[in-house]
Amino acid sequence: MTVIPKTELINNLLGLDKAPSETKVVVAMSGGVDSSVVAGLMKMNGYKVVGITLQLYDYTQINKKPGTCCAGQDIYDAKRVSEKLDIDHYVLNYESKFKNEVIEKFADSYLRGETPIPCVNCNQTVKFRDLFESAKNLNADALITGHYVKKIIDNGISKMYRPKDLNRDQTYFLFATTQEQLNYLHFPLGDLPKDETRSIAKKLNLEVADKPDSQDICFVPNGNYVSVIERLRPEANEPGNIVDTKGNILGRHEGIINFTIGQRKGIKISGEIPYYVVKINAKDKQVVIGKKEELEIKRIKIENINYLANKNSDFNENIFVKVRSTGKLIESKLDVHKEVLTFKNAEFGVSPGQACVFYKPDKLGVRVLGGGWIRATE
């Protein structure tokens, strides 16, 4: 039986000491089931709720399919939920900011031979930086989101932890959250499994209760990122050589944007053993291929590290990291002075442009210590 969390639990979860009727919260509403349930929970527990949905690009220029984030339908769904809950709802036009901060950087990253994660850039900029400021300007006491992340206030310090439902863990995408932002942010779904969230949506009679989860990058129609980059950066389709790790030319390719580190299919070079993409030399337009063992990485150089823990004491011993959103936790050691991370055991297919997120178990769970961007591998 689904039990909807009550005011005392919600208050404790948020760490707010004001009465709900005196507490104004902004809920980031994407039009999906998670953020809609969060808005419903806050409303039914007596909080003064304002929903905000971001318009990030011109939806009419992108042919969206069901199950993608931020489609034009999502704004309509967020409005319907807001009307159902009887809360104020605003749509903010962030198209220009999103184009400059996310889409352009996404394209440039591919031109450098990297594998970018635009969802992190989006959270880091338009969502948690600019939306943070919008919520402050509305004099809100907190910014609430539907991310599956746990925030625990320990000895007066806001800490980020992996959620109860690890299959929905979104901490990898939130490593760039600053301490100031984390103090203001709250994640009511951190202790709920996804099926429980949908059950609450049905109890609240929300029409999005069975809406599919978003799966694609929001501005990439049908998952075809190559077509997006071709439109933004026509030079990305320039051909070049496919070479082995010794520099021998084995064939030609039609653009480095068609390849990512660790890729096996689509190389179109036959041999006695399977070939993998082990490196992309963007300057020379070279795709370097080799054996699987040549994908082994022992150390990575990390830049623009965001620390959500004590830079000195919390990294004195081994930590765990993720180098891809769906990857496992890998035991490692971080040199905070050189910003070089060494894996305890070699890892395969690590790509520049991806994020490296730091974790450490403690008495409260598995804490997020921060993270940074992978710039080089050894």
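In the block above lies the structure referred to throughout.
Residues numbered from 1 in each chain as written. Predicted model: local features only at pLDDT ≥ 70, side-chain atom pairs only at ≥ 80, totals over all residues. Heavy atoms only, no water.

1. Digging into the environment of V81
Alright, step 1. When you line up the elements, V81 lands in helix α3 (residues 72–85).
Alright, step 2. For the pair V81 and G31, spaced 50 residues apart in sequence, the C-alpha separation works out to 7.9 Å.
Alright, step 3. The contact partners of V81, leaving out residues within four places of it in the chain, are M29, S36, L206 and V208. (Helix = DSSP H or I, 4+ residues; strand = E, 2+ residues; numbered from the N terminus. Contact = heavy atoms within 4.5 Å.)

2. Thoughts on the pairing of strand β12 (residues 296–307)
Alright, step 1. Summarising the sheet, β12 and strand β15 (residues 340–348) pair through five bridges and their orientation is antiparallel. What sits directly across from K301, in β15, is V340.
Alright, step 2. Two strands pair when backbone bridges link them, and β12 and strand β17 (residues 365–377) are joined in this way by six bridges, in the antiparallel orientation. Considered in β17, the bridge of K301 is made with A376. (Pairing = 2+ DSSP bridges.)

3. Quick look at the packing of helix α4 (residues 95–111) against helix α5 (residues 118–137)
Alright, step 1. Close contact between α4 and α5 brings their axes to 9 Å; oriented N to C, the two are set at 165°. Here α5 runs roughly antiparallel to α4, going by the angle between their axes. At the point where α4 passes α5, the crossing takes the right-handed sense. For the pair α4 and α5, contact is made by K97, F98, E101, V102, K105 and F106 and by P118, N121, C122, T125, V126, R129 and D130, respectively. (Axes fitted to C-alpha atoms, helices over the stretch in contact; angles between N-to-C directions. Parallel < 35°, antiparallel > 145°, perpendicular 65-115°, else oblique. Left-handed = near helix turned anticlockwise from the far one by under 90°.)

4. Considerations on the packing of α4 against helix α8 (residues 225–232)
Alright, step 1. At a minimum axis separation of 10 Å, α4 and α8 run at an interaxial angle of 100°. As summarised for this structure, α4 and α8 are arranged roughly perpendicular, according to the angle between their axes. Taken together, the residues of α8 that come into contact with α4 (itself represented by I103, E104, F106, A107 and Y110) are Y225, I229 and L232.
Alright, step 2. Broken down by class, the residue content of the contact of α4 with α8 amounts to seven nonpolar, no polar and one charged. (Nonpolar A, V, L, I, M, F, W, Y, C, P; charged D, E, K, R; others polar.)

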